[in-house]
Structures are given as structure tokens and as C-alpha cells.
Amino acid sequence: MNLIVAVDNNWAIGCRGGLLVRIPNDHKNFRNKTVGKVVVLGRKTLETFPQKMPLAGRTNIILSTDTGYNVKDADVVHSEEELLEELKKYNDEEVYIIGGERVYNLMLPYCDTAYVTKIDHDYEADSYFPNLDLMEDWEIVDEGEEQTYFDIAYQFIKYERTNKKGEE
């Protein structure tokens, strides 16, 4: 499975339920990677989307502990076990974990590829992604050119797990 995330210098991903910054080219990259694929996200992340609607052109799987929670045009699961069972229907390479913090932490052990937009800035934040640079089993396999959006420098970086499932 894959995950896709934008982080600042401290691996922060959000503040008060919102993104740290909106960079159009990062959104384009996200769209290009996930359209036609399966995206997995938490309820709180969904509620930050326009009209609180699932992402168009993708199979949306929402994780919510609220068993009464339903979303039009999305599959809702209520536990890690139920989510893993639902994901068996799809090719791992077609699945993207897209947040938020709790879902990233829950699903990181199941992911082999991480698409990280590193933003060269320190933002006020209250949610974070695990720092892959400090994890022995993750390595950078591709680094895009540094780009800028106004005065914000950022870079697309691809990480892969070094000991993929079944290779222990």
C-alpha cells in the first residue's frame, strides 16, 4: 500500500483540523497519484473536504468509530480489522492512505511506499506524521527538484520500506 502526505520541517501535517498550507502543485500531484485509485481516510479528514464530500474519481474508504456514520458515494468501516478486510478487495498498489494523523499511524505498518511533499517551513501544528527519516526501515528512493510557491520551498520525495512484507 501507499501513503501520500505533505509535511513541514517537523513532520507536522495539520493544525486545528486543516492543512498547514495549500500549494496548488502539491494538490495536482495528489490528484495525479490518486485519481482512479482507492483512498483511505478518517472521518475528520473527510469533514475538511469541500461540502464534506468524498473525493471524485476515487474509491473512498472512510474509517469512523461511529457505527451510525454513513457517507454517500463512500464505503465506511469502523475498525482496523474491518478496514483491512475491505482492503483485501483491492490491489495494494492501488491503495493510498491520505490521513489524518490517526489513520496514518494505524496504516503505516501496512504501507511500502510513501509519497511525501516536504515543505521547508515550520508551521504551528497539532497533528504530525511519523518522521520517516528516523526510521531504519524507510529510505529515500527518489527526490524531485526543489520547487517554490511564492516564498515556500517544497520537494516531492518518494520513500520505500527497505524490508517489505514477506522479505524478513
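For clarity, every value in this text was computed on a predicted model and none was experimentally measured.

(A) Up close: the packing of aromatic side chains. Under the counting rule described, the total for this entry stands at six aromatic pairs. Pairing Trp 11 with Phe 129 gives two aromatic rings, centres 6.2 Å apart and planes at 25°, and the pair type is stacked. You can see Trp 11 sitting in the loop between strand E1 (2-7) and strand E2 (12-15) and its partner Phe 129 sitting in the loop between strand E9 (127-128) and strand E10 (138-143), a full 118 residues away along the chain. On the basis of relative accessible area, Trp 11 is assigned to the buried category, the value being 4%. We classify Phe 129 as buried; its relative accessible area is 3%. Here the aromatic residues Trp 11, Tyr 104, Phe 129 and Tyr 159 are joined through ring pairs into a cluster of three or more.

(B) Seen up close, the sheet that holds E2. Read from one edge to the other, the open sheet built from three strands follows the order E3-E2-E9, with strand pairing classed as antiparallel. Each edge of the open sheet carries a strand with a single partner, namely strand E3 (18-19) and E9. With two bridges joining them, E2 and E3 adopt antiparallel strand pairing. Within the sheet, the bridge partner assigned to Cys 15 lies in E3 and is Gly 18.

(C) Just the environment of Thr 148, in detail. In this structure, Thr 148 sits in strand E11 (residues 147-149). Judged by relative accessible area, which is 54%, Thr 148 ranks as exposed. Sequence spacing of Thr 148 and Val 21 is 127 residues, and the spatial spacing of their C-alpha atoms is 13 Å. Filtering out sequence-adjacent residues up to four positions away, Thr 148 remains in contact with Ala 153 and Tyr 154.

(D) Representation of helix H3 (residues 80-87). Looking at H3, one finds that the buried residues are Leu 83, Glu 86 and Leu 87. All buried residues of H3 fall inside an arc of 95° around its axis, so they share one side.

(E) Region of interest: the pattern of salt bridges. All told, the structure shown has nine salt bridges when counted by the stated rule. Taking the shortest distance from any N to any O, the salt bridge between Lys 72 and Asp 73 comes out at 3.9 Å. The exposure classification of Lys 72 matches that of Asp 73, with both residues exposed. Among the salt bridges present, the one from Glu 86 reaches Lys 89, with a minimum N-O distance of 3.1 Å. Of the residues examined, Glu 86 reaches a relative accessible area of 12% and is grouped as buried. A network of salt bridges, in which partner residues are shared, links Asp 112, Asp 137 and Arg 161.

Conventions adopted
Residues numbered from 1 in each chain as written. Predicted model: local features only at pLDDT ≥ 70, side-chain atom pairs only at ≥ 80, totals over all residues. Heavy atoms only, no water. Phe/Tyr/Trp six-rings, centres within 6.5 Å; stacked < 30°, edge-to-face > 60°. Helix = DSSP H or I, 4+ residues; strand = E, 2+ residues; numbered from the N terminus. Buried < 20%, exposed > 50% of the residue type's maximum accessible area, 1.4 Å probe, protein only. Pairing = 2+ DSSP bridges. Contact = heavy atoms within 4.5 Å. Arc of directions from axis to C-beta. Salt bridge = Lys/Arg side-chain N within 4 Å of Asp/Glu carboxyl O.

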